[in-house]
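# Tertiary structure, described
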Amino acid sequence: MASVDSQVTQPETPEQMKCWLCAQSFDAGQGRLHGKKFPCGLCSNAHRTMRRNLGGYPEEMQNFTPEEISDFFRTLHSKKPAGGGLNWQTMKAVMCTNIATRQIEQAKDKVKGEWLPASVWETRGWTKETIERQDNRWSNEYNAQVYRIRITSETWAQIHERITESLLRQERDATKKRGKEAEDLDVPMASVPKDDKDKKGQVAAAKKQERENEKIHALAARAVGAWTKILGQCEKMADKVHSAGAMPAETKQTYDELTAKLQKNMTAARQAINSFEQNKGKPVEDMAALAELPFQSADVKTVTQQSGVILKEVRKAFPKAAPKRKAQEVPANQEAQPKRRRTGKSNP
Ligand SMILES: [Zn+2]
């Protein structure tokens, strides 16, 4: 009976679903639909493990393109031992390799490193000791010492080590954060005397602010890392954009809006980094609260992508290089003469 029923009610092949993480096709039964997203079994587990251990994707993967993310999950599939699950160590090793490969690819475009404050480099995984050994100078813009790290000078082993360290740090931070959240929930407010309670309340508030500051600083550092070069490009072409008569008004306006947005965001981000630096070494209660940034985490990627499109448009709209002079010199009513030397000789 069952076989008859199934022949009637079920399609011949099970429904195929595409996993939103690894972008491979699976039978619907090999995963579970969450809202509109279908992760396959392995990706679903991996995604959860990453959230549990790191609180999400590692910082270095947050600017990955969708293709790079799928690549990562497909690599995880290929590393899964037959008949067993993926362990966290293997996942980290894959992360490390993919991040390193990407950074090397990107470094090919960046022979000259950017000048950035130490705290920005730290969020990108360099240790204080390494940063302090690099070229550095004072920057009025950041009101801090800025450093330049030439990414291409690192060997593969060094890159690997740096990323492994960074992943470990993020893992520790995530663990600490989970602990702190549990701790906050545990404070037995009702049972402590009032004075203590106030004090505890203040300390808790200060600690909360400190975490908030860390979040704002991390976002500011990411933004500065992503936008410094782009803003530089925008500012460099300002004169050309505004003097180019042929530039469509719409392109000009989009450019102006982008530049203004980047300037506003970068000013706020630099201020946040400065305040964060100034808080260093102070007791928690004396730390100044960092101002909210005028952009959010997702904007770092979005604005970066927008900039790419807008700047390409602007460059396309620049007037073409002036045509060759020789052609211009020939009067309109006269035929262009191919060889001047010959003409000179034949006219006495
Ligand atoms: Zn998948």
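All of these numbers come straight from a predicted model, not from anything done at the bench.

With respect to topology, three strands assemble into an open sheet ordered β3-β5-β4, the strand pairing being antiparallel. Only two strands of the sheet have a single neighbouring strand rather than two, namely β3 (115-117) and β4 (135-139). Neighbour-to-neighbour, the strand axes of the sheet open up by a mean angle of 40°, direction not taken into account. Inspection of the sheet shows β4 paired to strand β5 (residues 144-148) by five bridges, in the antiparallel sense. Bridge pairing in β5 links R137 to V146.

All right, on to helix α11 (residues 297-317) then. With 21 residues, α11 ought to run about 30 Å at 1.5 Å a step, and its terminal C-alpha atoms sit 31 Å apart, in line with that. Those residues of α11 lying buried are V300, V303, S307 and V314. Within α11, the buried residues cover an arc of 70° as seen down the axis, which keeps them to one side. For α11, exposure combined with an orientation more than 90 degrees from the buried face picks out A298, T302, Q305, G308, V309, K312 and K316.

Before going further, it helps to spend a moment on the environment of H160. Among the structural elements, H160 can be located in helix α7 (residues 156-186). Judged by C-beta crowding, with 16 C-beta atoms within 10 Å, H160 ranks as partly exposed. With 63 residues separating them along the chain, H160 and T97 place their C-alpha atoms 7.2 Å apart. Here H160 is in contact with C96 and A100, once residues within four sequence places are set aside.

Attention now goes to unusual backbone geometry. Although it is not a glycine, A23 sits at a positive phi angle of roughly 60°. The topology assignment puts A23 in the loop between β1 (16-18) and β2 (25-27). A positive phi angle, close to 55°, is found at N143, a residue other than glycine. Within the element layout of this structure, N143 appears in the loop between β4 and β5.

Among the five residues in β4, zero count as buried, and that is only a small part of the element. Hairpin connection between β4 and β5: a loop of four residues separates the two successive antiparallel strands, and N143 in this loop has a positive phi of roughly 55°.

The next thing to look at is the confidence of the model for the protein. Looking at the protein as a whole, the pLDDT averages 79, with 80% of positions reaching at least 70. Summarising per-element confidence for the protein, the mean pLDDT is lowest in helix α1 (residues 2-9) (40) and highest in helix α3 (residues 66-79) (94). In the predicted structure, residues 188-192 sits below a pLDDT of 50 and forms three contacts with residues beyond four places in sequence or in another chain. Note on residues 326-348: pLDDT is under 50 here. Beyond four places in sequence and across chains, it has three contacts.

Core analysis: the largest hydrophobic core is formed by 28 residues, its most contacted members being W121, A220, A223, V224, A272 and I273. Listing elements by their share of this core, those giving two or more residues are α5 (118-123), α8 (194-236), α10 (249-279) and α11. For this core, the leading source of residues is α8, giving nine residues. Judged by nonpolar contacts, the second largest core, of 18 residues, contains C19, L21, C40 and F72.

Reading the values: rules and limits
- Residues numbered from 1 in each chain as written.
- Predicted model: local features only at pLDDT ≥ 70, side-chain atom pairs only at ≥ 80, totals over all residues.
- Pairing = 2+ DSSP bridges.
- Helix = DSSP H or I, 4+ residues; strand = E, 2+ residues; numbered from the N terminus.
- Axes fitted to C-alpha atoms, helices over the stretch in contact; angles between N-to-C directions.
- Expected span 1.5 Å × (residues − 1).
- Buried ≥ 20, exposed ≤ 12 C-beta atoms within 10 Å, placed from the backbone.
- Arc of directions from axis to C-beta.
- Contact = placed C-beta atoms within 7 Å.
- pLDDT = per-residue confidence, 0-100.
- Core = buried A, V, L, I, M, F, W, Y, C linked by C-beta atoms within 7 Å.

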